[in-house]
Amino acid sequence: MQATPQTDTESPVTAAELAQFIGVDSDDALLDGMLIAATDAVIRYINQDLIQREWVGIVPVPQSARLQLSPYTDPLTTFEIPYTALVSVEFVTGNDDEDLEYTLESQRRPARITVHGWDYLTEIRIEYTAGMVTIPAAIKSAIMMLAAYLYDHRGDCDADGGIKKSGAAMLLRPYRVEVSL
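In this text the structure is predicted, and so the values were computed from the model without any measurement. (Residues numbered from 1 in each chain as written. Predicted model: local features only at pLDDT ≥ 70, side-chain atom pairs only at ≥ 80, totals over all residues. Heavy atoms only, no water.)

J.: Tell me about the nonpolar core, residues and numbers included.
T.: Most often, soluble globular proteins keep nonpolar side chains buried together rather than apart. One finds Leu-50, Ile-124, Ile-126, Tyr-128, Ile-139 and Leu-172 to be the most contacted residues of the largest nonpolar core, which totals 48 residues. Not counting residues within four places of it along the chain, the set of residues in contact with Leu-50 comprises Pro-12, Thr-39, Val-42, Ile-43, Gly-131, Met-132, Ile-135, Ile-139 and Ile-143. (Core = buried A, V, L, I, M, F, W, Y, C linked by side-chain atoms within 4.5 Å. Buried < 20%, exposed > 50% of the residue type's maximum accessible area, 1.4 Å probe, protein only. Contact = heavy atoms within 4.5 Å.)

J.: I'd love a proper account of the pairing of strand 5 (residues 101-105), names of residues and values included.
T.: As judged from the five bridges shared by strand 5 and strand 6 (residues 112-116), these two strands associate in the antiparallel manner. By the bridge assignment for strand 6, Glu-101 is matched with His-116. (Pairing = 2+ DSSP bridges. Helix = DSSP H or I, 4+ residues; strand = E, 2+ residues; numbered from the N terminus.)

J.: Residues and numbers for the sheet that holds strand 6, please.
T.: What holds strands together in a sheet is hydrogen bonding between their backbones, with the strands either parallel or antiparallel. Across the sheet, which stays open at both edges, the three strands sit in the order 3-6-5 with antiparallel pairing between neighbours. Two strands close off the open sheet at either side, each with one partner strand: strand 3 (78-80) and strand 5. Across the sheet, the mean angle separating the axes of adjacent strands is 25° when strand polarity is ignored. (Axes fitted to C-alpha atoms, helices over the stretch in contact; angles between N-to-C directions.)

J.: Let's hear about the packing of aromatic side chains: which residues, and what values?
T.: For any pair of aromatic rings, geometry is given as the distance between the ring centres together with the angle between the planes. Taken as a whole and judged by the stated rule, the model has one aromatic pair. When the ring of Trp-55 is compared with that of Tyr-83, the centres are 4.7 Å apart and the planes differ by 20°; the resulting orientation is stacked. Taken together, the residues span a long stretch of sequence, with Trp-55 in strand 2 (residues 53-59) and Tyr-83 in the loop between strand 3 and strand 4 (86-93) at a distance of 28 residues. For Trp-55, a relative accessible area of 4% gives the class buried. With relative accessibility at 18%, the residue Tyr-83 sits in the buried group. The ring centre of Tyr-151 lies 4.4 Å from the NZ or CZ of Arg-154, which sits over that ring. Positioned over the ring face of Tyr-45 is Arg-176, at 4.2 Å from the centre of the ring. (Phe/Tyr/Trp six-rings, centres within 6.5 Å; stacked < 30°, edge-to-face > 60°. Lys NZ or Arg CZ within 6 Å of the ring centre and 35° of its normal.)

J.: Go over the side chain of Thr-129, please, and point to the residues and values.
T.: By secondary structure assignment, the location of Thr-129 is in strand 7 (residues 124-131). Relative accessible area serves as the criterion here: at 17%, Thr-129 is assigned to the buried category. Within the local environment of Thr-129, its side chain forms a polar contact with the side chain of Glu-90, the two groups lying 3.0 Å apart. Each residue touching Thr-129, except ones within four places of it in the same chain, is listed here: Arg-53, Glu-54, Leu-86, Val-87, Ser-88 and Glu-90. (Polar contact = N/O pair within 3.5 Å; in protein donor to acceptor, adjacent residues only side chain to side chain.)

J.: Please provide a residue-by-residue account of the packing of helix 2 (residues 30-46) against helix 3 (residues 137-152), values included.
T.: For the pair helix 2 and helix 3, interaxial distance at closest approach is 8 Å and the crossing angle is 125°. By the angle class used here, helix 2 and helix 3 are oblique. In this structure, the crossing between helix 2 and helix 3 has a hand that is right-handed. Touching Leu-30, Leu-31, Met-34, Leu-35, Ala-37, Ala-38, Thr-39, Ala-41, Val-42 and Ile-46 of helix 2 are Ile-139, Ile-143, Leu-146, Ala-147, Leu-150 and Tyr-151, all from helix 3. Residue composition of the contact of helix 2 with helix 3, by class: 15 nonpolar, one polar and no charged. (Parallel < 35°, antiparallel > 145°, perpendicular 65-115°, else oblique. Left-handed = near helix turned anticlockwise from the far one by under 90°. Nonpolar A, V, L, I, M, F, W, Y, C, P; charged D, E, K, R; others polar.)

J.: If you had to explain helix 2 to someone new, which residues and values would you point to?
T.: An ideal rise of 1.5 Å per residue puts 24 Å on 17 residues; helix 2 measures up with 24 Å between its terminal C-alpha atoms. Where helix 2 is concerned, the buried positions are Leu-31, Met-34, Leu-35, Ala-38, Thr-39, Ala-41, Val-42, Ile-43, Tyr-45 and Ile-46. Tucked inside the fold, the buried residues of helix 2 contact helix 1 (15-22), strand 2, helix 3, helix 4 (159-166) and helix 5 (168-172). Positive phi shows up at Asn-47, right after helix 2, with a value of about 60°. (Expected span 1.5 Å × (residues − 1).)

J.: Residue-level account of the confidence of the model for the protein, with values.
T.: Looking at the protein, pLDDT values average 85 and 89% of them are 70 or higher. Within the protein, helix 5 carries the highest mean pLDDT (97), whereas strand 4 carries the lowest (79). (pLDDT = per-residue confidence, 0-100.)

Structure follows, in structure tokens:
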């Protein structure tokens, strides 16, 4: 399933906190951009959203649906929901915005949804909310470490590669959710 957030990323760390952490003026225009890049990289690394926001996941028609399926084949209808920390599902729809029934297993990491009555020939759209209720201090520290690394090495690195080089990976490891997408 491919999922996209419906709002822009907001960092749980302020520019003033980052400025104090790295010892620069809090009016530096680069700080906000570094924080957003660091926050996005952390979200991708731990596979959990930090701030509660709405997401839309799309399950496309599988390649195998184009082949003739055996009526005895049990269709795969359980999917991992990306970037879920806390999850609530608003809608699961198929073609013509037809509501589909589903069962949500939100206690798992990552959360899983089983869609009932999927005919394999329609794309499924899942609208859900993901995000942490409270953000642990270790994650905020990792964001600051990565943002500081990006600030010091601007132009010479990318955010995803900087997670390990900055030392943030060590703080994020307990929060990382392994997905099988």
